[in-house]
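Listed here are the chains, written in short residue letters.
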Amino acid sequence: EGLDVADVVTEKIISANSIKEAEVIYDYFACDEIVSFTSNENLQMNEISANDFQGEGWSHTEEYATWTIGNYASLFFDLEKEKKSMEIELNNIAAENVIEVVCNGVVVGSMSKENGTRYEFVFDSPIQGETVVEFFISNPIRPCDVLDSNDERLLGIYVSKINFGD
């Protein structure tokens, strides 16, 4: 509240091995730089470089995508050129979640399991420069509560790609 994007305190999971039976160990740090994001790039959430854009609420990078953890996740971009839309591709949405998507404090839309895995959000006015994308997840779940799994992470959406359109 009242912080500049560069001052926002974020949290990240140290590694998959830091997940213990009922606890997750977090490394707290302040974002000291927002990575520049060019118009020709897609943010591939299965690549380690995606960590450069992640704020709080993200698990470790996996083979196909990255899961959000908990009820909230954020991404930070420094958009070099004006963008009129944002495309998000998901590999999965955990359970019956409704995910509200917010860009620079403005609700741009929502995502849910019944509406598929690809979404395009068109902005009321173009955005440029420091940009914060936030995901508010209504009902994250732990795989161990609903499946035969040892995974105790509180999962929301499994994001594979994000792209901003001109």
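Below you will find a few notes about this structure. (Residues numbered from 1 in each chain as written. Predicted model: local features only at pLDDT ≥ 70, side-chain atom pairs only at ≥ 80, totals over all residues. Heavy atoms only, no water.)

## Details of the pairing of strand 9 (residues 118-137)
Consecutive residues of a regular strand have side chains that alternate between opposite faces of the sheet. Bridging between strand 6 (residues 72-93) and strand 9 involves 14 bridges; their strand directions are antiparallel. By the bridge assignment for strand 9, isoleucine 88 is matched with tyrosine 119. Sheet topology note: the strand 7 (residues 98-103)/strand 9 ladder contains five bridges and is antiparallel. Paired with cysteine 103 across the bridge in strand 9 is valine 133. (Pairing = 2+ DSSP bridges. Helix = DSSP H or I, 4+ residues; strand = E, 2+ residues; numbered from the N terminus.)

## Digging into the side chain of serine 59
Within the secondary structure, serine 59 is located in the loop between strand 4 (43-44) and strand 5 (66-69). The exposure class of serine 59 is buried, given its relative accessible area of 4%. Side chain to side chain, serine 59 and histidine 60 meet in a polar contact 3.1 Å long. (Buried < 20%, exposed > 50% of the residue type's maximum accessible area, 1.4 Å probe, protein only. Polar contact = N/O pair within 3.5 Å; in protein donor to acceptor, adjacent residues only side chain to side chain.)

## Here we look at the pattern of salt bridges
This model, assessed by the stated rule, comprises five salt bridges. The partner of aspartate 166 in a salt bridge is lysine 83, with the nearest N and O atoms 2.8 Å apart. Of this pair, aspartate 166 sits in the segment after strand 10 (155-165) while lysine 83 sits in strand 6; the two residues are 83 residues apart in sequence, bridging distant segments of the chain. Where aspartate 151 meets arginine 153, a salt bridge forms, and the shortest distance between an N and an O atom there is 2.7 Å. In this structure, aspartate 151 and arginine 153 share a single accessibility class: buried. Connected through shared salt-bridge partners, Glu62, Asp151 and Arg153 make up one network. (Salt bridge = Lys/Arg side-chain N within 4 Å of Asp/Glu carboxyl O.)

## What about unusual backbone geometry?
The phi dihedral of asparagine 104 falls on the positive side, at around 50°, and the residue is not glycine. Its relative accessible area of 37% is what places asparagine 104 among the partly exposed residues.

## What about the nonpolar core?
Grouped together as the largest cluster of nonpolar side chains are 28 residues, with contacts concentrated most on Ile88, Met111 and Phe135. Of all the secondary structure elements, the ones that give two or more residues to this core are strand 6, strand 7, strand 9 and strand 10. For this core, the element with the most residues is strand 6, which contributes eight residues. Residue contacts for isoleucine 88: discarding those within four places in its chain leaves Val101, Met111, Thr117, Arg118, Tyr119, Phe121, Phe135, Val159, Lys161 and Ile162. Core analysis: the second largest hydrophobic core is formed by six residues, Ala65, Trp67, Ala94 and Tyr158 among them. (Core = buried A, V, L, I, M, F, W, Y, C linked by side-chain atoms within 4.5 Å. Contact = heavy atoms within 4.5 Å.)

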